[in-house]
Amino acid sequence: RARPSRGRRHLLLPGLHALNDRVGWISEGALAYLCRRLTVPPAEAYGVATFSPLFSVRPRPATVLRVCTDLVCTAAGASDLCTAVEERLGGGVHVERSPCLGLCERAPAALVTKAGDPVRTAVSAPATVEGAVLAASAPDSAPEEPPAETAVPQTGQDGLVLLSRVGAVDPSSLDDYRAHGGYTALRRAFALGPAGVAREVADSGPVGQGGAVFPTGRVWQAAASRPDHPPYLVCNAGESAPGAFRDRVLMEGDPFALVEAMTIAAYAIGAHRGFLCLRDEFPRATSRMRHAVEQARTRGLLGDDVLGRGYAFDIEIRRGAGAYVCGEETALFNSIEGHRGEPRCQPLSPAEQGLFGGPTAVHDVETLVGVLPALTLGAPAYTATATERSIRPQLFCVSGSVERPGVYELPSGATPAELLSAAGVRENLRAVLLGGATGGFVRPDELDVPFAFEGRAGSGVVMAFDDTVPLPRLLLRIAEFFRDESCGRCVPCRVGTVRQEEALRRIVERTGAAAADDIALLRDVGRAMRDASMCGLGQNAWNAVESAVDRLGVYG
Ligand code: SF4
């Protein structure tokens, strides 16, 4: 259940980060000290520290090399890379097989973190044994990370709306952002007033892009209708679904747009405090957002008197700690409040009862940034651009067996075939995973069905796999991901994800052929998880495997 804000417990996660950053792990003494300062019971703080994969409560080397072994990186040879790097590096560097690092356009990807210097991380792109060893041995001399705009392939995409400024503006310059139309939408918002903004956005029709597809303006109207509690705004930028990296690209390439969009959303609901929750695996996005927030404060665009209109709003940046389930909104609230990031069992929507028990609007980056053109153009002009086929622009993250992996902006009525054609799909295409690990596989002859918001690619993740990729091994990796990420709170998911992985491992060890009883078991377990799990993680953990069995006949 939602808990009211009390004491300093909400500082627990930042405190754990500070300890972990210092020496690379959290000692018992350091944890006890933090608990005394924040008056948090040590057992509960230990529970939070051990729930979060990026923290360690055991000694480990100061330098950690994370090699992504998720779907696209595995298909690109990440497991062999990881083994070779472990042999070369010895014990001075902690090498970790990591879930998706959100660098799928550069697969295989790796990330280096050095304790005592958390800001400076190095990514080799794409990772090679030599590059990873060099980055881990001497992070300062590691190859420069490619700019964000390289994730937006130049394929003659005209009329970009969401990506229009990525690569065109200097992401460190507020003046440049303003020269490209920045802060026009906020000025219009102040002219409309809070209720007018919510109405305009509701009429324009932007909907949640994190998979929820709920109308953004209606969320604001609901959150603003509870004046008895202070409302909050939360930007869920913890994009950790395998294959998702559009929020990273937006934050790295157009950070001021997010600051402006958060200010507008907060104004509409009457919030004076916003939380921007970022993946810790996105060091460049984090530093650019920090810089943008500081610049906005300095120039009177955040703080006690935004734009001289007497409205107070500020943004607190929160680093995540690697738990995928914290993408679930109530789990994210728990994490911000200083509890384990487990989903809550609550009948009310976050707009009625969310963070610290107050009404809360929670949106991902793409949803918020999508509000800016809607407000700048106004509802009539914005909706006039929509046609039956092109409802509104949507971002797609394309990775895997394509020539130009990256983030593409297309009308939501486009088809996977059009998207993959723009990305340069290879001829020997075997399968396409729409919607990421929680989505479903389709065959190459099924790519002409348009994307729809309610459809199979709700998260905008599209992964292509050619016939060189061993699909049974890939399905096992999906099962490992869900087993790892299950928070363990409810039985169908906690036990089901383990049983699913065991069955798929048996199949892989039998050279990919499945016995009939394994398939029957997978179906039983899958149905139980879908019907009885508490949150979307467990409910969707069987989707990809089911589609591979039924549509691709992968074990046939
Ligand atoms: Fe936790 Fe899985 Fe249950 Fe969600 S479905 S609450 S992740 S155990």
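In this report, the structure presented in the accompanying data block is examined. (Residues numbered from 1 in each chain as written. Predicted model: local features only at pLDDT ≥ 70, side-chain atom pairs only at ≥ 80, totals over all residues. Heavy atoms only, no water.)

1. Some thoughts on the site of the ligand
Here is step 1 of the chain: Near the ligand, the surroundings consist of 13 residues, among which Cys487, Arg489, Cys490, Cys493 and Cys535 are the closest.
Here is step 2 of the chain: When its residues are assigned to classes, the shell around the ligand shows 8 nonpolar, 4 polar and 1 charged. (Near = heavy atom within 4 Å. Nonpolar A, V, L, I, M, F, W, Y, C, P; charged D, E, K, R; others polar.)

2. Some points on the environment of Ala422
Here is step 1 of the chain: With respect to the helices, strands and loops of the structure, Ala422 is situated in helix α17 (residues 416-423).
Here is step 2 of the chain: By relative accessible area, Ala422 is classed as partly exposed at 23%.
Here is step 3 of the chain: Linking Ala422 and Ala45, residues 377 residues apart in sequence, is a C-alpha distance of 48 Å. (Helix = DSSP H or I, 4+ residues; strand = E, 2+ residues; numbered from the N terminus. Buried < 20%, exposed > 50% of the residue type's maximum accessible area, 1.4 Å probe, protein only.)

3. Overview of unusual backbone geometry
Here is step 1 of the chain: In this structure, the amide linkage connecting Ala107 to the following residue, Pro108, adopts the cis form with an omega of -5°.
Here is step 2 of the chain: Of note, the phi angle at Thr39 is positive, near 50°, even though the residue is not glycine.
Here is step 3 of the chain: Position of Thr39 among the secondary structure elements: in the loop between α2 (28-38) and α3 (42-51).
Here is step 4 of the chain: The backbone of Leu307 shows a phi angle near 55°, a positive value even though the residue is not glycine.
Here is step 5 of the chain: Note on Leu307: relative accessible area 18%, which makes it buried.

4. So, the side chain of Gln500
Here is step 1 of the chain: Here Gln500 shows up in helix α19 (residues 491-509).
Here is step 2 of the chain: Judged by its relative accessible area of 1%, Gln500 falls in the buried class.
Here is step 3 of the chain: Side-chain polar atoms of Gln500 contact the backbone oxygen of Ala541, separated by 3.1 Å. (Polar contact = N/O pair within 3.5 Å; in protein donor to acceptor, adjacent residues only side chain to side chain.)

5. Regarding the pairing of strand β4 (residues 232-237)
Here is step 1 of the chain: The buried fraction of β4 amounts to 6 of the 6 residues, a majority that puts the element mostly inside the structure.
Here is step 2 of the chain: Neither face of β4 is left uncovered, since the one carrying Tyr232, Val234 and Asn236 and the one carrying Leu233, Cys235 and Ala237 both have all their residues buried.
Here is step 3 of the chain: Where β4 lies against strand β5 (residues 273-278), 5 bridges are found, and the strand directions are parallel. Within β5, the position partnered with Leu233 by the bridge is Gly274. (Pairing = 2+ DSSP bridges.)

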